[in-house]
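# Structural description and commentary
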Amino acid sequence: MPSDASVHHHALPPVFALATGSGRGAIAIMRVSGAGSDHILRTLAGQLPAPRRTSFRKIWRNAAQQEDHLDDAVVVWSPGPNSYTGEDSFELHLHAGPAIISATADALVAAGARPAEPGEFTRRAFMHGRVDLTEAEGIADLIEAETEAQRKQALAQADGALGALYKNWANRLRGVLAQQEALIDFPDEELPPEVENALLGEIATLNTEIRHHLADGERGERIRRGLVFSIVGPPNAGKSSLLNLLAERDAAIVSPIAGTTRDTIEIATILAGVKVSFVDTAGLRETNDPIEAEGVRRAMFHVEHSDFVLQLFPSDQPYPEPLPQALLVCNKTDLMLPPATLDSHPVLGISLQTGDGVPELRKTLEREALKLTQGSGPPPLTRARHRAAAEAASASLEAALSMDWPEMRGEELRLAMRALGRLTGEVGVEDILDTIFGQFCIGK
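Being a predicted model, the structure only gives us computed values, none of them experimental.

Rules behind the numbers
Residues numbered from 1 in each chain as written. Predicted model: local features only at pLDDT ≥ 70, side-chain atom pairs only at ≥ 80, totals over all residues. Heavy atoms only, no water. Salt bridge = Lys/Arg side-chain N within 4 Å of Asp/Glu carboxyl O. Buried < 20%, exposed > 50% of the residue type's maximum accessible area, 1.4 Å probe, protein only. Pairing = 2+ DSSP bridges. Helix = DSSP H or I, 4+ residues; strand = E, 2+ residues; numbered from the N terminus. Contact = heavy atoms within 4.5 Å. Axes fitted to C-alpha atoms, helices over the stretch in contact; angles between N-to-C directions. Polar contact = N/O pair within 3.5 Å; in protein donor to acceptor, adjacent residues only side chain to side chain. pLDDT = per-residue confidence, 0-100. Parallel < 35°, antiparallel > 145°, perpendicular 65-115°, else oblique. Nonpolar A, V, L, I, M, F, W, Y, C, P; charged D, E, K, R; others polar.

Evaluated as defined, the whole model comprises 23 salt bridges. The shortest N-O distance in the salt bridge between Arg114 and Glu120 comes to 2.6 Å. Judged by relative accessible area, which is 33%, Arg114 ranks as partly exposed. If you follow the salt bridges from partner to partner, you end up with Glu137, Asp141, Arg224, Arg383 and Arg385 in one network.

Encoded structure:
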């Protein structure tokens, strides 16, 4: 849980937000949280219902005087600290008519609440120790999840899998630091050499675990943002046709005229439960046309920065030089048989005209998507913030191992401890809270 350095336990004023989508519908859930929520609920619904049980109530602008009946709603009262935010809070399950939602919002303002900022409910949960920072980030990712892989990863992080790993490291490092402080405080004691050796061994073990965590191939970050697969090759190789086939729609213009695609065209789809963006690029060739030349430059940029490159070439033209780590795909096999290999690299043959080889190509792309995102071991890093803090912790542990003076070693251990604390939000995160919680929708 966040430490007292980052958690503020003082009462915060009540806020409200619609936790469901706006517009007409069957149900609209209005969420309220903060000090004085009990007074606001009494104002609108009369007596407080039993905690954490649904109760059917009439909702008024002023229940005591039965002034202005707004709606009949299901009410859920959740007194703190056993609520999502850790504060007194309640929900009104209203009919989802715009007029009802607007009138209820006006009544809440009149009773003393204000509209919530994006992510304010989860921010308050963090401030009251209900979630750590990695769990809050997992909740944000869960809301944004588009694929099965994103859902599973975000749910595991929201349930505390990543935070538990970091807290385990922090607890072990805290024990190491305590032993190191003892060596500093009692320098004249005749401590056996195996005491310091054991301490150095634990530092080395921790650093090895962190380095292994960092060497995850960025699979967690790839799942979260999605993969980028670029399709490159000469003009008229069939790149746009392949993009349309993978997108299952006419996303790119297909023409026999060379150089039709001058800029990149990107479409997103799902392969094996993983979000993949396919990028159609300009045909690779020498050209004096400045616009087409810029398209070629952008194509080569994607070759360098994509997660995977699919190099497409036609069977009836001179074969290209294979790009490093690219999947070689020969199109137009209905006109001419493809080569089995190209410079010792295997070639997959397809015909976009007849569909031959396309199922095999799709299976190959699915395998690549899984290879880039699956793995075993501890939960993966999901954000650049995590990677930077883990790198800093590892650098301090490595420095500690190289120190002969106990005082200098202790200082490096304290720096590593601070870096791990930034991961879960225990220390030094005030400057990034607005960025993290600003990514949430209003009402969460």
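What follows continues from the structure just given.
Take the sheet that holds strand S4 (residues 67-78) next. With mixed pairing, six strands are arranged side by side in an open sheet as S3-S4-S5-S2-S1-S6. Among the strands making up the open sheet, the edge pair consists of strand S3 (54-62) and strand S6 (114-115). Of the strand pairs in this sheet, strand S1 (residues 15-18) and strand S2 (residues 28-33) are connected by four bridges, and their pairing is antiparallel. Its bridge partner lying in S2, Ala17 is registered against Arg31. Those strands touched by helix H1 (residues 37-45) are S2, S3, S4 and strand S5 (89-94), and its axis lies near 80° from that of S3. Helix H2 (residues 98-111) rests against S1, S2, S3, S4 and S5 of the sheet, and its axis sits at about 10° to S2.

Right, let's talk about the sheet that holds strand S9 (residues 274-280) for a bit. Within the open sheet, the seven strands sit side by side as S8-S9-S7-S10-S11-S13-S12. Their pairing is mixed. Of all strands in the sheet, those with a lone pairing partner are strand S8 (265-271) and strand S12 (341-342), marking the two edges. Of the strand pairs in this sheet, strand S7 (residues 227-232) and S9 are connected by five bridges, and their pairing is parallel. Across the sheet, residue Val228 finds its bridge partner in S9, namely Ser277.

Our focus in this paragraph is the side chain of Thr147. Along the chain, the position of Thr147 falls in the loop between helix H4 (133-144) and helix H5 (148-158). Ignoring any residue separated from it by four or fewer positions in sequence, one finds Thr147 in contact with Ile270, Gly273, Val274 and Lys275.

Let us look at the side chain of Asp307. By the element assignment, Asp307 lies in the loop between helix H10 (290-305) and strand S10 (308-314). Take Asp307: its relative accessible area is 14%, and that puts it in the buried class. Within the local environment of Asp307, its side chain forms a polar contact with the side chain of Arg222, the two groups lying 3.0 Å apart.

Along the chain, the position of Arg123 falls in helix H3 (residues 120-127). Residue Arg123 is classed as partly exposed on the basis of its relative accessible area of 24%. Distance from Arg123 to Leu133, taken between C-alpha atoms, is 9.1 Å for residues 10 residues apart in sequence.

Let us now look at helix H9 (residues 239-247). In terms of burial, H9 is a largely internal element, seven of the nine residues being buried. The secondary structure elements touched by the buried residues of H9 are S7, S8, S9, S10 and helix H11 (358-373). Following H9 by one or two positions, Glu248 adopts a phi angle in the positive range, close to 60°.

A few words on the confidence of the model for the chain. For the chain, per-residue confidence averages 85 on the pLDDT scale, and residues scoring 70 or more make up 83% of the total. Here helix H14 (residues 433-437) stands out as the least confident element of the chain, with mean pLDDT 59; S5 is the most confident, with 97. Every residue in residues 1-8 is under pLDDT 50, and counting partners more than four places away or in other chains gives 25 contacts. Note that residues 257-262 has pLDDT below 50 and, in this model, 19 contacts with residues that lie over four places away or in other chains.

Turning next to the packing of H9 against H11. What describes two packed helices is the angle between their axes and the distance between those same axes. Between H9 and H11, the shortest axis-to-axis distance is 12 Å and the interhelical angle comes to 75°. In terms of axis orientation, H9 runs roughly perpendicular to H11. Residues Leu242, Leu245 and Leu246 of H9 form the contact with H11, whose participating residues are Val358, Leu361, Arg362 and Leu365. Taken together, the residues that form the contact of H9 with H11 break down as six nonpolar, no polar and one charged.

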